[in-house]
Amino acid sequence: MLIARVIGTAISTIKDPKIKGSKLLILKQTDPKGNELGQPFVAVDLVDAGEGELVLTGHGSSARQTNITKDCPVDAVIMAVIDHLNVDGQVVFRKE
Amino acid sequence: MFIAKVIGTTISTIKDEKLTGRKLLILRQTDETGAPSGKPYVAVDTLDAGIGDLVLTAHGSSGRQTAITSNSPVDAVIMAVIDHLEVGGQVVYRHQ
């Protein structure tokens, strides 16, 4: 899984019939402090995450292990919203 | 999934029989505003995307979860054509 921040939304009308109705969010991977790294990616949102939140994303075939994404052409899902992150005994991120 | 821009077409006569009739588009990954970056790659198009369109691509075994690519030697598929991208409450890309 990756720690990532929700930065936006992708809207699509023409898409594979299996992903009709799925909420597609744009994310950027972050370090544990929430600093954004690298290029954005898109994941199916299963937990009603909001823009600005830190989340966990599952990738590859693991992303198809949920009831919503089973057998779908999906390689990334948001499966958790992060409340806080603890590194070396310090809380380095806390959800506002 | 990656956000990618369709930049061209691959034409091949000699290919695996399961790929016969499949449209192979050349793409480049983009940032959240649709600006291309990185190296090109090729994906099977299941949605009749056109050159210049922004699309979403699913990778790995997830690329074989569409009706068109099931059980094919394919590791990337276009599974959505993007209408618009919204970042920070602003529309940063709109399909023309």
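Residues numbered from 1 in each chain as written. Chains lettered and ligands numbered in written order. Predicted model: local features only at pLDDT ≥ 70, side-chain atom pairs only at ≥ 80, totals over all residues.

A closer look at the overall build of chain A
Helix and strand counts for chain A stand at zero helices and seven strands. For chain A, the α and β elements follow one another from N to C terminus as β-β-β-β-β-β-β. Taken against the 2.2 N^0.38 rule, which gives 12 Å for 96 residues, the C-alpha radius of gyration of chain A at 14 Å falls within 12% of a compact globule. Projected onto its principal axes, the C-alpha coordinates of chain A cover approximately 45 × 25 × 25 Å. Every one of the 96 residues in chain A was classed for burial, and the buried ones make up 39%. (Helix = DSSP H or I, 4+ residues; strand = E, 2+ residues; numbered from the N terminus. Rg over C-alpha atoms; globule rule 2.2 N^0.38 Å. Buried ≥ 20, exposed ≤ 12 C-beta atoms within 10 Å, placed from the backbone.)

Some remarks on the confidence of the model for chain B
When pLDDT is averaged along chain B, the result is 96, and 100% of the positions lie at 70 or above. As a predicted assembly, this complex carries a pTM of 0.93 together with an ipTM value of 0.90. (pLDDT = per-residue confidence, 0-100.)

Regarding the environment of V55 of chain B
For V55 of chain B, the location among the structural elements is in strand β4 (residues 54-59). Apart from residues lying up to four places away in sequence, V55 of chain B is in contact with A4, V6, A49, I78, A80, V81 and I82 of chain B. (Contact = placed C-beta atoms within 7 Å.)

Some thoughts on the pairing of strand β7 (residues 90-94) of chain A
All names here are of chain A. The buried fraction of β7 amounts to zero of the five residues, a small share that puts the element mostly on the outside. As paired elements, strand β6 (residues 84-87) and β7 share four bridges and run antiparallel to each other. In the sheet register, L85 faces β7, and the bridge partner there is F93. Adjacent in sequence and paired antiparallel, β6 and β7 are bridged by two residues, among which D88 carries a positive phi angle near 50°. (Pairing = 2+ DSSP bridges.)

A few points about the sheet that holds strand β1 (residues 2-10) of chain B
Residue and element names in this part refer to chain B. Taken in spatial order, the five strands of this closed barrel run β1-β2-β3-β5-β4, and their pairing is mixed. The sheet shows a mean angle of 55° between the axes of neighbouring strands, taken without regard to direction. Direction of pairing for strand β2 (residues 23-30) relative to strand β3 (residues 36-45): antiparallel, over a ladder of seven bridges. Bridge pairing in β3 places K23 opposite D45. (Axes fitted to C-alpha atoms, helices over the stretch in contact; angles between N-to-C directions.)

Observations concerning the environment of S62 of chain A
All names here are of chain A. Among the secondary structure elements, S62 is positioned in the loop between β4 (54-59) and β5 (76-81). A residue is classified by how many C-beta atoms lie within 10 Å of it, and S62, with 15 of them, is partly exposed. Along the backbone, S62 and V77 are 15 residues apart, and their C-alpha atoms lie at a distance of 8.7 Å.

Topic: the interface of chain B and chain A
Contacts between the two partners involve 29 residues from chain B and, on the opposite side, 27 residues from chain A. Secondary structure elements with two or more residues in the side of chain B that touches chain A: β1, β4, β5 (76-81) and β6 (84-87) of chain B. Examined bridge by bridge, strand β1 (residues 2-11) of chain A and β6 of chain B share four bridges and lie antiparallel to one another. From the neighbouring strand, G8 of chain A faces β6 of chain B, where its bridge partner is V87 of chain B.

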